[in-house]
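Residue-level structure breakdown
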Amino acid sequence: MKPFEVYTLFDIEISKALGSTLWDDKGNTYLDLYGGHAVISIGHSHPHYVAALTAQLQNIGFYSNSIKIGLQNTLAEKLGKLSGYPDYQLFLCNSGAEANENALKLASFHNGRKKIIAFAASFHGRTSLAVAATDNPSILAPINENDNVVFLPLNDIDGVEKAIDEHTCAVIIEGIQGVSGVRLPDVEFLEKVASLCRDKGTLLILDEVQSGYGRTGKFFAHQHAGITPDIITVAKGMGNGFPVGGVLISPAIQAKKEMLGTTFGGSYLACTAAIAVLEVIEKENLMENARIMGSYLREKLKGIPGIKEIRGQGLMVGIELEEPCAPIRQKMLYQHFIFTGSASNKNTIRILPSLAITKREIDVFIAAFQNTLTSKVVA
Ligand SMILES: Cc1ncc(COP(=O)(O)O)c(C=O)c1O
């Protein structure tokens, strides 16, 4: 048997990782500014995280979802406190798509409605409801059913005002659109959407799978707009590589037995990983670091030739070039040993480093990037 080849992969075998540094099996050293699609929040192989997971594995590696797991309460309490949602409820699952799937299902259980409002160029994952709310034709299966979803341009207040009615179950929106190339919803737009949702009895679902967990300098990107969603979804940085996702649910939504379920969600190991991540974010002030380093990075990018637009907040940064970015990313990787990310918009490079990235590491990236873009312009 061999892997089913659904990804374009770099031919590099990583043998060791620490912080933002990777080593391959040939002895090359790399700087990781992408963290496997924003997954690496506290840095690769953080010692506190490794120690917690190792101890947990030696202690109780086993898992059963029919007994109480105290670690789930510890995680919920810690996450509630650090995120600013202490009175919300937490449902644990295994990925971002699963979190959005459960969020949409929960919304329809709650208000009995079916219609969903989502946004152009959105990405919410590849399970059935999540993909139906995703605007990316290349991942829609022919069997997919999205008749109940209305797609509107991001930041189109009038469009939402016209489309939302007493049949609208939920509005689902990314805190910052990631896959499409780092696009921010306007503050006024989010405020208006939140108020329209309240008026119509529609639930507001904030997908913070990529933009959450401190990446933008606040725990959630929507907190820059001061709005309060009914449901918030998380994954990626939550486990720093361990597959764990979650749905944060307003106290106004009541749980009923068997409403949602999962075999693996909320295991001892997943909770241990997620708790260790929150402990490090708090102890090392990583949200503050994300805010400061993000501003530093965006400032340093200004004036580099070949850049059309710099978008983002904190350490979620999109650099739109004047032409497709694939050859630039290749050069950054094979000549300068730096990993960057791409987007569905072919001209945009995504930078999603660990929240513990340092000024020195950003300087290394800027020098290499400037060199790559300048030599390209001269040639
Ligand atoms: C905003 C957003 N939502 C959901 C997902 C899906 O997450 P997963 O790949 O863990 O299912 C992603 C993945 O890139 C994402 O960026």
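Shown above is the structure to which this text applies.
Let me begin by describing the structure that accompanies this report.

Rules behind the numbers
- Residues numbered from 1 in each chain as written.
- Predicted model: local features only at pLDDT ≥ 70, side-chain atom pairs only at ≥ 80, totals over all residues.
- Heavy atoms only, no water.
- Axes fitted to C-alpha atoms, helices over the stretch in contact; angles between N-to-C directions.
- Helix = DSSP H or I, 4+ residues; strand = E, 2+ residues; numbered from the N terminus.
- Parallel < 35°, antiparallel > 145°, perpendicular 65-115°, else oblique.
- Left-handed = near helix turned anticlockwise from the far one by under 90°.
- Contact = heavy atoms within 4.5 Å.
- Nonpolar A, V, L, I, M, F, W, Y, C, P; charged D, E, K, R; others polar.
- Pairing = 2+ DSSP bridges.
- Core = buried A, V, L, I, M, F, W, Y, C linked by side-chain atoms within 4.5 Å.
- Buried < 20%, exposed > 50% of the residue type's maximum accessible area, 1.4 Å probe, protein only.
- Domains from an automatic or database assignment.
- Expected span 1.5 Å × (residues − 1).
- Phe/Tyr/Trp six-rings, centres within 6.5 Å; stacked < 30°, edge-to-face > 60°.
- Lys NZ or Arg CZ within 6 Å of the ring centre and 35° of its normal.
- Disulfide = S-S within 2.5 Å.
- 1 Å grid on protein atoms, 1.4 Å probe; cavity = no way out; pocket = protein on both sides within 12 Å on 5 of 7 lines; lining within 4 Å.
- Points joined across faces, edges and corners; volume = space filled by probe spheres on them.
- Near = heavy atom within 4 Å.
- Polar contact = N/O pair within 3.5 Å; in protein donor to acceptor, adjacent residues only side chain to side chain.
- Areas by Shrake-Rupley, 256 points an atom, 1.4 Å probe, with all protein chains shown as cover.

Turning to the packing of helix α2 (residues 47-59) against helix α8 (residues 268-283), a few remarks are in order. α8 packs onto α2 with a crossing angle of 155° between their chain directions and a minimal axis gap of 9 Å. Between α2 and α8, the interaxial angle falls into the category roughly antiparallel. Relative to α8, α2 is oriented so that their crossing is right-handed. Along the contact surface, α2 presents His48, Tyr49, Ala52, Leu53, Gln56 and Leu57, while α8 presents Tyr268, Leu269, Thr272, Ala273, Ala276, Val277, Glu279 and Val280. Partitioning the contact of α2 with α8 into residue classes produces ten nonpolar, three polar and one charged.

This paragraph deals with the environment of Thr168. Within the element layout of this structure, Thr168 appears in strand β7 (residues 168-174). Every residue in contact with Thr168, bar those within four places of it in the chain, is listed here: Asn111, Arg113, Lys115, Ile117, Ala163 and Thr202.

In a beta sheet, neighbouring strands pair by backbone hydrogen bonds and run either parallel or antiparallel. Ordered by their spatial adjacency, seven strands build an open sheet running β4-β10-β9-β8-β7-β5-β6, and the pairing between neighbours is mixed. The open sheet has two edge strands with one neighbour each: β4 (89-93) and β6 (149-152). Averaged over all pairs of adjacent strands, the angle between their axes in this sheet comes to 20°, without regard to strand direction. Relative to strand β10 (residues 245-249), strand β9 (residues 231-234) is paired through four bridges, and the arrangement is antiparallel. Its bridge partner being in β10, Ile232 is matched across the sheet by Leu248. Strands β4 and β10 of the sheet are contacted by helix α3 (residues 70-83), whose axis makes an angle of about 120° with β4.

Time to look at the nonpolar core. One finds Tyr213, Met238, Leu301, Ile319, Leu321, Phe365 and Phe369 to be the most contacted residues of the largest nonpolar core, which totals 57 residues. Examining the composition of this core, we find that eleven residues originate from one element, α8, more than from any other. Residues from two domains meet in this core; each of domain 1 (14-47 + 285-378) and domain 2 (62-283) gives at least three. One finds Leu104, Ala107, Val149 and Ile231 within the second-largest nonpolar core, a separate group that totals 23 residues.

Bringing α8 into the picture now. For α8, which comprises 16 residues, the first-to-last C-alpha distance of 22 Å matches the rise-based estimate of 22 Å (1.5 Å per residue) to within 8%. In the stretch just after α8, Asn285 is the one whose phi turns positive, near 55°.

Located in the positive-phi region is Glu258, a residue other than glycine, with phi close to 75°. Within the secondary structure layout, Glu258 lies in the loop between β10 and α8. Given the relative accessible area of 76%, Glu258 is considered exposed.

Let us now look at the packing of aromatic side chains. This structure, assessed with the given rule, holds ten aromatic pairs. An aromatic cluster is built from Phe10, Tyr30, Tyr334, Phe337 and Phe339, whose rings are joined through pairwise contacts. Residue placement shows Lys16 over the ring face of Trp23; its charged tip is 4.5 Å from the ring centre.

Right, let's talk about the state of the cysteines for a bit. According to the stated counting rule, one finds zero disulfides in the structure shown. Here Cys93 is not disulfide-linked; the sulfur of Cys271 is the nearest cysteine sulfur, at 12 Å.

Okay, empty space enclosed by the protein next. Under the defined criterion, the tally for this structure stands at two cavities of 30 Å³ or more. The computed volume of the largest cavity comes to approximately 50 Å³. As for the largest cavity, its lining consists of Ala76, Leu79, Gly80, Tyr85, Tyr88, Gln89, Leu90 and Leu248. Ranked by residues supplied to the lining of the largest cavity, first place goes to α3 with three residues.

Take the site of the ligand next. Residues in contact with the ligand, as listed here, are Ser95, Gly96, Ala97, Asn100, Phe123, His124, Gly125, Glu174, Asp207, Val209, Gln210 and Lys236. Between Ala97 and the ligand, the recorded distance is 2.8 Å, taken from a backbone N or O atom to an oxygen atom. One nitrogen or oxygen atom from the side chain of Lys236 is found 2.9 Å from an oxygen atom belonging to the ligand. Calculation on the ligand without its partners gives an accessible area of 390 Å², and the protein chains cover 81% of this total. Here the element with the most residues in the shell around the ligand is helix α4 (residues 96-111); it accounts for three residues. Of the residues contributing to the shell around the ligand, the split by class is three nonpolar, six polar and three charged.

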